[in-house]
Amino acid sequence: MKISLSIRQNFKTSALNLKRAELKKIIQTTLQHLEISDHCEVGLACVDHAESQQLNLNYRQKDKPTNVLSFPADIPADILPMLDARPLGDLVICIPVVLQEAEQQQKTSQNHFAHLLVHGILHLLGYDHELGEEEAEEMEALEIEILAKLGIGNPYLEKLIDE
């Protein structure tokens, strides 16, 4: 499996050390857990409060910053075989929100970011916790299993995802 990762890091902080290899490992672990072996492409933007709030307003009609937004690729099925890689889509993670939530929940910013990256990848693959309780429980169970493979404990001992 190969992961092509495009990163746009508009917001940087020494409180969160994001390394390309670690990000790719998180994505690869998520895809392997779901038995996806395709060469996949993911876009990741790390943004500030203002950009997150604007995107959340534009796309979800919620006028506040949020921890992660997902924009699944919308490639017609008949086009996919012509591509060298399977585009999954783009994720936007608001770094100040990640840091704030991690502090409030007494978790490391690295682990919280990893959880949100797994969460976002699942959204790109069509999982949605907002469809109902059963879907939310399925998504949470997958996240717990994937994060365990990364050596990260159950993030749902306290709720993390901005609903």
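Everything that follows concerns the structure shown earlier in this document.
Just so it is clear, the structure is predicted and the values come from calculations on it, not from any experiment.

1. Looking at the pairing of strand β1 (residues 3-9)
Remark: a regular strand shows side chains that alternate across the two faces of the sheet. With seven bridges connecting them, β1 and strand β2 (residues 40-47) associate as parallel partners. Pairing of I7 across the sheet is with L44, part of β2. Where the polypeptide runs from β1 across helix α1 (residues 20-33) and back to β2, its parallel neighbour, the crossover connection is left-handed.

2. Here we look at the nonpolar core
Among the nonpolar cores identified, the biggest contains 34 residues, and I27, L31, L44, F113, L117 and I121 are the most heavily contacted of them. Residue contacts for L31: discarding those within four places in its chain leaves M1, I3, I36, C40, L88, I121 and L125. If you look at the next biggest cluster of nonpolar residues, it comprises seven residues, including L69, V92, C94 and V97.

3. Points about a negative patch on the surface
Together, E133, E134, E135, E137 and E138 line one region of the surface with negative charge. Inspection of the secondary structure puts E135 in helix α5 (residues 133-149).

4. Looking at the sheet that holds strand β4 (residues 86-94)
Judged by pairing direction, the sheet is mixed, and its four strands sit side by side in the order β1-β2-β4-β3 without closing on themselves. At either end of the open sheet lies a strand with only one pairing partner, and these are β1 and β3 (68-72). Strand-to-strand, the axes of this sheet are offset by a mean angle of 15 degrees, without reference to chain direction. Sheet strands in contact with α1 are β1, β2 and β4, and its direction is about 130 degrees off that of β1.

5. As for the pattern of salt bridges
All chains considered together, the criterion is met by two salt bridges. A salt bridge links R8 to E51; its shortest N-O distance comes to 2.7 Å. Note that R8 is positioned in strand β1 and E51 in helix α2 (residues 49-60), a separation of 43 residues in sequence. For R8, a relative accessible area of 35% gives the class partly exposed. Accessibility expressed as a relative area gives 25% for E51, which makes it partly exposed. Measuring nitrogen to oxygen at the nearest pair gives 3.4 Å for the salt bridge that ties R86 to D38. A residue pair is termed long-range when its members are at least 10 positions apart, and R86 in strand β4 and D38 in the loop between α1 and β2 qualify at 48 residues.

Quick notes on the rules
Residues numbered from 1 in each chain as written. Predicted model: local features only at pLDDT ≥ 70, side-chain atom pairs only at ≥ 80, totals over all residues. Heavy atoms only, no water. Pairing = 2+ DSSP bridges. Helix = DSSP H or I, 4+ residues; strand = E, 2+ residues; numbered from the N terminus. Right-handed = clockwise from strand over helix to strand, strands pointing away. Core = buried A, V, L, I, M, F, W, Y, C linked by side-chain atoms within 4.5 Å. Buried < 20%, exposed > 50% of the residue type's maximum accessible area, 1.4 Å probe, protein only. Contact = heavy atoms within 4.5 Å. Patch = residues over 30% accessible without salt bridge, like charges linked within 9 Å, V, L, I, M, F, W, Y side chains within 5 Å. Areas by Shrake-Rupley, 256 points an atom, 1.4 Å probe, with all protein chains shown as cover. Salt bridge = Lys/Arg side-chain N within 4 Å of Asp/Glu carboxyl O. Lys, Arg positive; Asp, Glu negative; His and termini not counted. Charge placed at Lys NZ, Arg CZ, Asp CG, Glu CD. Axes fitted to C-alpha atoms, helices over the stretch in contact; angles between N-to-C directions.

In short, shape yes, function no, at least from these values alone.
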